[in-house]
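Next come the chains, spelled out residue by residue.
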Amino acid sequence: QVQLQESGPGLVKPSQTVSLTCTVSGDSITTVYYYWSWIRQPPGKGLEWIGYISYNGSPSYSPSLKSRASISRDTSKNQFTLHLSSVTPEETAVYYCVREPDVPRTWYVEVWGQGTLVTVSS
């Protein structure tokens with residue numbers, strides 16, 4: 001069974017960097033044709049796409065975050081990582097890693113991690 005697990009510090013100071021790692025089991029992050037994505041949800045608000053790294057290693061980011069976001073991967077560990085720099089308290093959120101098809105495809109299933117709360121506070 002495919003499982004995604006977020007990990008990283010739950011408390012980050014303003015102006016510092018949120019660094020989160022998603023560990024994938026049951027599938028390879030090089031499996032075609034999936035995106036490996038980061039999504040967040042601030043308390044009481046909706047979901048926001050941060051970006052993804054594709055099965056071939058190509059990253060893409062939300063226009064509002066692209067100047068501060070970086071997603072990379074370590075295929076030997078089957079992990080991908082988010083670095084979001086210069087964060088503010090408004091970016092306190094539950095952060096999710098997600099496997100999703102690049103386009104809707106038969107037999108390609110969306111899978112979410114359980115999420116991890118990151119609090120941005122001094």
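Here the structure is shown first, and the text comes after it.
Residues numbered from 1 in each chain as written. Predicted model: local features only at pLDDT ≥ 70, side-chain atom pairs only at ≥ 80, totals over all residues. Heavy atoms only, no water.

### Remarks on the packing of aromatic side chains
We count it as follows: Two aromatic rings, drawn from Phe, Tyr or Trp (for Trp, its six-membered ring), form a pair once their centres lie within 6.5 Å of each other, and the interplanar angle then sorts them: stacked below 30 degrees, edge-to-face above 60, tilted otherwise. Helix and strand definitions here come from DSSP, where helices need a minimum of 4 consecutive H or I residues and strands a minimum of 2 consecutive E residues; each element is numbered from the N-terminal end.
Applying the stated criterion across every chain, the model contains 7 aromatic pairs. Seen in terms of ring centroids, Tyr34 and Tyr108 are 5.0 Å apart; in terms of plane orientation they differ by 45°. Their pairing is tilted. Of the two residues, Tyr34 sits in strand 4 (residues 34–41) while Tyr108 sits in the loop between strand 9 (93–101) and strand 10 (111–112), which places them 74 residues apart along the sequence. Among the aromatic side chains, those forming a connected cluster through ring pairs are Tyr34, Trp36, Trp38, Phe80 and Tyr108.

### Focus: the environment of Thr21
What counts, and what does not: By definition, residues are in contact when any of their heavy atoms lie within 4.5 Å. The definition of a polar contact used here is a pair of N or O atoms within 3.5 Å, where within protein one atom must be able to donate a hydrogen and the other to accept one, and adjacent residues in sequence count solely through side-chain atom pairs.
As for its position among the elements, Thr21 is in strand 3 (residues 18–25). If near-sequence neighbours (up to four positions away) are discounted, Thr21 is found in contact with Gln5, Glu6, Ser7, Trp38, Gln79, Phe80 and Thr81. Of note is the side chain of Thr21, whose polar atom sits 3.3 Å from the side chain of Thr81.

### Points about the nonpolar core
Side chains of a nonpolar character, in soluble globular proteins, are inclined to be buried together. To keep things clear, this is the line we draw: By convention a nonpolar core is built from buried Ala, Val, Leu, Ile, Met, Phe, Trp, Tyr and Cys residues, the set being connected through side-chain atoms within 4.5 Å. Relative accessibility thresholds used throughout: buried, under 20% of the residue-type maximum; exposed, over 50%; partly exposed, between the two (1.4 Å probe, protein chains only).
Of all hydrophobic cores here, the largest spans 25 residues; its most connected members are Trp36, Trp38, Phe80 and Tyr95. Counting only elements with at least two residues in this core, the list comes to strand 3, strand 4, strand 5 (48–54), strand 7 (69–74), strand 8 (79–84), strand 9 and strand 11 (116–120). Among the elements that make up this core, the one with the highest residue count is strand 3 (4 residues). Apart from residues no more than four positions distant in its own chain, Tyr95 is found in contact with Glu6, Leu20, Ile39, Arg40, Ile50, Leu82, Leu84, Gly115, Thr116 and Val118.

Bear in mind that shape data such as this cannot, by itself, settle questions of function.
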